[in-house]
Amino acid sequence: MGWAGDTHIFCHTALNNSSLKKFYERNLQAMRDLQTPEGQYPEIAPVGGGFGGITYECASIFMAWELYEQYGDIRTLEKFYPGMQKYMDYMKDKGLPGTKVNPAIGPLGDWLAPEETDLLLLWNAFYYKEADLMSRIAGALGRTEEQHQYEALAAKVKKFWNETFVLPDSGKTCNADGTLCDTQCSYAIALSYGVAEDRKRIGEHLIRKTRAIGHTVGTGFFGTGILNQMLTEQGAVEDAWKMMLQTAFPSWLYPVTQGATTIWEHWDSYTKEKGFGGQNAMNSFNHYSLGSVLSWLYHTGLGIQRDETKPGYQHILLKPQPGPLEFMKGSVNSPYGVISAGWERKGDKIEYQVTIPVNTTATLFKNTQDPADTVELGSGTYTFML
């Protein structure tokens, strides 16, 4: 069906799995073909129609930037920028999503989350990310005046978000009416989308909340893929690994204990105790969305990361943080060739091996706790003890 929300949350993971530039550009073209005269994007492409609002319609902006960061091809941004501009103009008269309930902005939030997150909090965070990415896209295209306009919009939305959705005393997130909204998603979105001003306190609450629910997953489609990455960025990589290897409900490995061989739409699409549990009306057994955590295994497990200042893997960041496994190995296709990495436990040491393709360079962070402990690498295959 090509639901845009599912598509954009898995895009980053998919680009690590395969070379999908043409595939996603075709999807962006389908979304542009179905854009209304007013500028609204569809929720489903290429079929058309659907429902979802800002959390789905943002896909064109989010994915165009992903493709640029992955492949470094400015033509992708040039081609789809006019449609993205038209969409942002369409959003202008909708008001800040936190100020009123506007049907044009909703209705979907963190889809199928075990813990619901305030919709207005989410929609406003999405609006901020749209404006922030549009400022970056305009900057990359040399459209300075438009870059500044989108920067100003992003600053306005960010100010509103922090004043409206963060309790000043505790630093916890809250609903639009001021009541507590203490969910993993509310904190993970705030960090990943860059809308949080006090990242330290928001990060502390994400760690606290994750531990409070026993390292299970309390997020839905939009919070799940970014959850482990945000924990890692806040220095809680052990908590992220505990959640990755968790088998209690809800978690990635819980369905495996129930016989799963694919990613399901629900954490409990089928259980040995209850069977299908009455969810047959909407229950996909091959649904990639919750599998978006795989990008974290590339970034943190293998350590392969893009340098956002040099699109297309002109420069590679290597930040491996091995978990309680015996070994791990994998690779990513870049415009310069295959980047492969892996590690294996040897006694109390970890042997890390990486291959850097020709015509690009990398920085290896041997100790993520000490940013100065780095090694600069050219093309070739290297082995290090971590």
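Residues numbered from 1 in each chain as written. Predicted model: local features only at pLDDT ≥ 70, side-chain atom pairs only at ≥ 80, totals over all residues. Heavy atoms only, no water.

(A) Quick look at the environment of E265. Its place among the elements puts E265 in the loop between α12 (254-257) and α13 (294-302). Along the sequence, E265 and R211 sit 54 residues apart, while their C-alpha atoms lie 24 Å from each other. Leaving out residues up to four positions away in the same chain, E265 has contacts with W111, L112, F221, M282, N283, S284, H287 and L290. (Helix = DSSP H or I, 4+ residues; strand = E, 2+ residues; numbered from the N terminus. Contact = heavy atoms within 4.5 Å.)

(B) Layout of the sheet that holds strand β7 (residues 374-377). Spatially, four strands are ordered β1-β2-β6-β7 in an open sheet, and the strand pairing comes out mixed. In the strand order of this sheet, the two ends are held by β1 (304-306) and β7, each with one partner. Each neighbouring strand pair of the sheet contributes to a mean axis angle of 25 degrees, computed without reference to strand direction. Pairing of strand β2 (residues 315-318) with strand β6 (residues 361-365), which is carried by four bridges, proceeds in the parallel orientation. Residue pairing in the sheet places L317 in a bridge with T363 of β6. (Pairing = 2+ DSSP bridges. Axes fitted to C-alpha atoms, helices over the stretch in contact; angles between N-to-C directions.)

(C) Spotlight on the packing of aromatic side chains. Within the structure shown, the criterion is met by 21 aromatic pairs. Ring geometry for Y87 versus Y90: centroids 6.0 Å apart, planes at 35 degrees, classification tilted. Here Y90 and Y87 lie together in helix α5 (residues 74-92), a separation of three residues that amounts to about one turn. Using a relative accessible area of 10% as the deciding quantity, one classes Y90 as buried. (Phe/Tyr/Trp six-rings, centres within 6.5 Å; stacked < 30°, edge-to-face > 60°. Buried < 20%, exposed > 50% of the residue type's maximum accessible area, 1.4 Å probe, protein only.)

(D) Region of interest: the packing of α5 against helix α6 (residues 119-140). One way to put it is that α5 packs onto α6 with a least axis distance of 10 Å and a crossing angle of 140 degrees. By the angle between their directions, the pair α5 and α6 is classed as oblique. Our pair here, α5 against α6, has a crossing hand that is left-handed. Residues I74, L77, Y81, M84, Q85, Y87, M88, M91 and K92 of α5 touch α6, and the partners they reach there are Y127, E130, A131, M134, I137, A138 and A140. (Parallel < 35°, antiparallel > 145°, perpendicular 65-115°, else oblique. Left-handed = near helix turned anticlockwise from the far one by under 90°.)

Shape is all these values report; function is a separate question.
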